[in-house]
Amino acid sequence: MPDNPLCTIDLVTILITMGEEAPTLLTLNQGQELPSGPLTNRHSLQKGLHRWAEQHTGCSIGHMEQLYTFADQPLPNTQHQLIRISYLALARITNPEGFSLQSLYTYFPWEDRRTPATNSQFKELRTHITSWASHDPERLTRAIPAFGLNGLPWDDEKVLDRYELLWEAGLVAKSLPTSTRKTDSSQISFDNRRILATALSRLRAKIRYTPIVFELLPHAFTLLQLQKAMENLSGRPMHKPNFRRLVLHQKLVEESGERDASAPGRPAKLYHFRPEAATSCYLSGAMLPLD
């Protein structure tokens, strides 16, 4: 690749693992930076990225895929442009050395709609967005599907659309620590948050039709752990009996022959994912509707 002094290309790894209550993100500087590094002639985007990400983060990575390419605006008074090629990676980690784990909902708290408190926050934002967009047809056209206005259902995949509208409306903090914007205290840069929003959108889309959620679970898990992982990723509750019926009817899992004795009460059965069922995975049908 020829050198271009006016352009820098960075590789950015969005490494997601599963926390107790939310999908968590591997970060540097206590949540302010993402693992990244310059693209060099040694990198093969097709075969070398997985190894590069493991070396860069020190984590054993399972699933990995290219996410999106982002181009920043040139820096002020220069023609220099930063291009970021982002990759979504999944891993089973709990205490990464040299990194910190941050909930994705730290950056997008309105995307977690599992409790009355977070639902109330979202409805307040929706009221502000409706007021902001009501006098501009272009804004309103974007806001209606993103926020489920005019009776449309909540679409949990429109994470980036919601973030960009809230940012334009002045309802989320910009990257400056002195910002007086309202809803989040994160100082991660605007461009990085766009990357994170894209990653969360991708994950929410893929849990509907692929077995990607199993990449974030222990090799042996209970049905409740599987349900909680789906709820954590989608940011919404699921109907427990319907969810279990879906999983068992599709034969997505098989009993391991062991039980989980870590929780109080009767030990729950432990299951393994059945790779043979990967092409017929459908778990989103048990998601409860949101108003």
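Residues numbered from 1 in each chain as written. Predicted model: local features only at pLDDT ≥ 70, side-chain atom pairs only at ≥ 80, totals over all residues. Heavy atoms only, no water.

Engineer: Just checking my understanding: could you explain the overall build of the protein for this structure?
Structural biologist: On a plain count of helices and strands, the protein comes out with seven helices and eight strands. Taken across its 291 residues, the protein has 48% of its residues classed as buried. Sequence separation of 24 or more characterises 64% of the internal contacts of the protein that already satisfy a separation of 6 or more. Taken as a whole, the protein presents about 15000 Å² of accessible surface, with 51% of it coming from carbon and sulfur. (Helix = DSSP H or I, 4+ residues; strand = E, 2+ residues; numbered from the N terminus. Buried < 20%, exposed > 50% of the residue type's maximum accessible area, 1.4 Å probe, protein only. Contact = heavy atoms within 4.5 Å. Areas by Shrake-Rupley, 256 points an atom, 1.4 Å probe, with all protein chains shown as cover.)

Engineer: How should the packing of aromatic side chains be read in this particular structure?
Structural biologist: Two numbers describe a pair of aromatic rings. These are the distance of the centres and the angle of the planes. Summed over all chains, the structure comprises six aromatic pairs. Their ring planes at 80° and their centres at 6.0 Å tell us that Phe108 and Trp110 sit as a pair that is edge-to-face. By relative accessible area, Trp110 is classed as buried at 0%. Centroid distance Phe122 to Phe147: 6.0 Å. Interplanar angle 15°. Geometry classified as stacked. Taken together, the residues span a long stretch of sequence, with Phe122 in helix α2 (residues 116-133) and Phe147 in helix α3 (residues 137-147) at a distance of 25 residues. A relative accessible area of 0% places Phe122 in the buried class. (Phe/Tyr/Trp six-rings, centres within 6.5 Å; stacked < 30°, edge-to-face > 60°.)

Engineer: Sorry, what's going on with the confidence of the model for the protein here?
Structural biologist: Note that predicted coordinates carrying low pLDDT should not be read in detail. Chain-level pLDDT for the protein is 83 on average; 85% of the residues reach the 70-or-more range. By mean pLDDT, the top-scoring element of the protein is α3 (97), and the lowest-scoring one is helix α1 (residues 49-57) (71). Scored below 50 in pLDDT, residues 175-183 makes 21 contacts in the model with residues more than four places away or belonging to other chains. (pLDDT = per-residue confidence, 0-100.)

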